[in-house]
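# Descriptive analysis of the structure
Listed here are the chains, written in short residue letters.
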Protein chains: 2
Amino acid sequence: MAGKPPKDTLLPWTVRESRLVLDNPWAKVRRDTCRLPNGREIEDYFYWEGGDFSQTLALTRERQVVLTQQYKHGVKQVVTELPAGLVDIGLESPLQTAQRELLEETGHIAQTWHLLGTLNVSAAKSTTRAHIFMATDAVRAGEQELDATEAIEVKLVSIEQLLEMVERGEILDVTSIAAIFLGLRTLGRV
Amino acid sequence: MAGKPPKDTLLPWTVRESRLVLDNPWAKVRRDTCRLPNGREIEDYFYWEGGDFSQTLALTRERQVVLTQQYKHGVKQVVTELPAGLVDIGLESPLQTAQRELLEETGHIAQTWHLLGTLNVSAAKSTTRAHIFMATDAVRAGEQELDATEAIEVKLVSIEQLLEMVERGEILDVTSIAAIFLGLRTLGRV
């Protein structure tokens, strides 16, 4: 078909130069100079590096979904999401992160854990991966264990209520919505 | 309940100092010094600023879904996603972006457009919003109009094939998966 690029244009770029232009424990931004398969050069291609996180669709024994509500300073709003947190690279696996964050943020532990997928948050702008888990037979095991900078409300809703919240725009986090879809597909609920 | 923070802790943080530590047309990172409702200070809170984009679940008259395949340098892989692109702030609305990107990336135009939602890509780490559209009665109107730095394959699949691709992990973009969920819910297909 005229104008359609042939498949061999879908090749990786060659990195000719690469450096961290922001290198902070909480924020790493990399700038690459790249040569494209068609010979063109991109002088300054910026992307966020690292920050992999785990996020969990946790269902209690009563088939209620465990949600968190907290202020988040990127969007400067209180948001409702699935429990999530950054993987402490080198110190824990994504599964261990998911289990730790579910306990710390909501006081829940769960019997069974299932990896639903490892997704891209922004394939162009970030190396970040989201490890999406489903946990079932969750029970409240204790109190939250929050950092001094965290304030989180825990909310339990039925699957029907969860779907209504998504449809009403009360859950706006793309990764939570993707996790809800993958989890409820696995359960045969959507 | 002991240990559970009261609702009034879910208050915005106060920004005491704010500056762009990376200020480039393609990458803006802001650093804020914040005071929390509990009196604590966070010295250096970093987040990505801007980069709103539109993404579209486009269905042709034959009920096929329009997908793109391209190399993306954040994850350094060829990815399959829904057509998407950055909103040219001040120059176009998110709907105009969605329409422009569908045409440029895939050569398609569509009769009817519907905003499914405006989502958060990472409420903690970014101000970025994703404007999610569904377009129906899409038809191929011409060739792609790609930048010199773009090489995109277009792929048409049925809704059944799309769901299989999501389940097999062939579509890993969180925003595409969220858009597929919202769109297919609207159509009563999941």
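Report on the accompanying structure. (Residues numbered from 1 in each chain as written. Chains lettered and ligands numbered in written order. Predicted model: local features only at pLDDT ≥ 70, side-chain atom pairs only at ≥ 80, totals over all residues. Heavy atoms only, no water.)

## Brief notes about the interface of chain B and chain A
The cut-off we apply is this: Note on contacts: a residue pair is in contact if any heavy atoms of the two residues lie within 4.5 Å. The term buried area refers to how much accessible surface (probe radius 1.4 Å) is lost by two components on association, counted for both of them together. Salt bridge, as used here: a side-chain nitrogen of Lys or Arg that lies within 4 Å of a carboxyl oxygen of Asp or Glu.
On the chain A side, the residues contacting the 77 residues of chain B number 77 residues. Summed over both partners, the interface of chain B with chain A comes to about 6,700 Å²; 64% of that surface belongs to carbon and sulfur atoms. When the buried surface of chain B facing chain A is broken down by residue, Leu 10, His 73 and Phe 181 of chain B rank first, second and third, together holding 11% of it. Counting across the interface, chain B meets chain A through two salt bridges.

## With respect to the pattern of salt bridges
A side chain of one charge can pair with a side chain of the opposite charge when the charged atoms of the two come close. Tallied over the entire structure, the rule returns 26 salt bridges over all chains. Here Glu 143 of chain B makes a salt bridge to Arg 140 of chain B, at a shortest N to O gap of 3.2 Å.

## Remarks on the pairing of strand β4 (residues 53-60) of chain B
All names here are of chain B. We apply this condition: A simple rule labels every residue: compare its accessible area, found with a 1.4 Å probe on the protein chains alone, to the largest value its type can have, and call it buried under 20%, exposed over 50%, or partly exposed in between. Helix and strand assignments come from DSSP, with helices taken as H or I runs of at least 4 residues and strands as E runs of at least 2, each series counted from the N terminus. Pairing between two strands requires that DSSP report at least two bridges joining them.
Burial runs high along β4: eight of the eight residues are buried. Residues Phe 53, Gln 55, Leu 57 and Leu 59 of β4 are buried on one face, and the alternating residues Ser 54, Thr 56, Ala 58 and Thr 60, pointing to the opposite face, are buried as well. Where β4 lies against strand β7 (residues 84-86), three bridges are found, and the strand directions are antiparallel. When the bridges of β7 are listed, Gln 55 appears paired with Ala 84. Sheet topology places β4 next to strand β9 (residues 129-140); seven bridges connect them, and they run parallel. Opposite Leu 57, over in β9, you have Met 134 as the bridge partner.

## Quick notes on the environment of Val 121 of chain B
Assignment of secondary structure puts Val 121 of chain B in the loop between β8 (108-120) and β9. C-alpha of Val 121 of chain B to C-alpha of Ala 141 of chain B: the two residues are 20 residues apart in sequence and 31 Å apart in space. Dropping the residues within four chain positions of it, Val 121 of chain B is found in contact with Val 121, Asp 173, Val 174 and Thr 175 of chain A together with Phe 53, Thr 128 and Ala 130 of chain B.

## Brief notes about the sheet that holds strand β3 (residues 41-48) of chain B
Residue and element names in this part refer to chain B. In plain terms, the rule: All axes here are fitted lines through C-alpha atoms, helices being fitted over the stretch that makes contact, and every angle between N-to-C directions spans 0 to 180 degrees.
If you walk across this open sheet you meet the three strands as β1-β2-β3, and the pairing is antiparallel. Each edge of the open sheet is held by one strand with a lone partner, namely β1 (14-24) and β3. Averaged over all neighbouring strand pairs, the angle between strand axes comes to 20°, with direction disregarded. Here β1 pairs with strand β2 (residues 27-35) via nine bridges, running antiparallel. Across the sheet, the residue bridging to Leu 22 is Val 29, located in β2.

## Notes on the sheet that holds strand β3 (residues 41-48) of chain A
All names here are of chain A. Pairing in this open sheet of three strands is antiparallel, and the strands run β1-β2-β3 from one edge to the other. For this open sheet the edge positions go to β1 (14-24) and β3, each flanked by a neighbour on one side alone. Between one strand and the next, the sheet's axes are offset by a mean angle of 20°, whatever the strand orientation. Examined bridge by bridge, strand β2 (residues 27-35) and β3 share six bridges and lie antiparallel to one another. Bridging across to β3, Arg 31 finds its partner in Phe 46.

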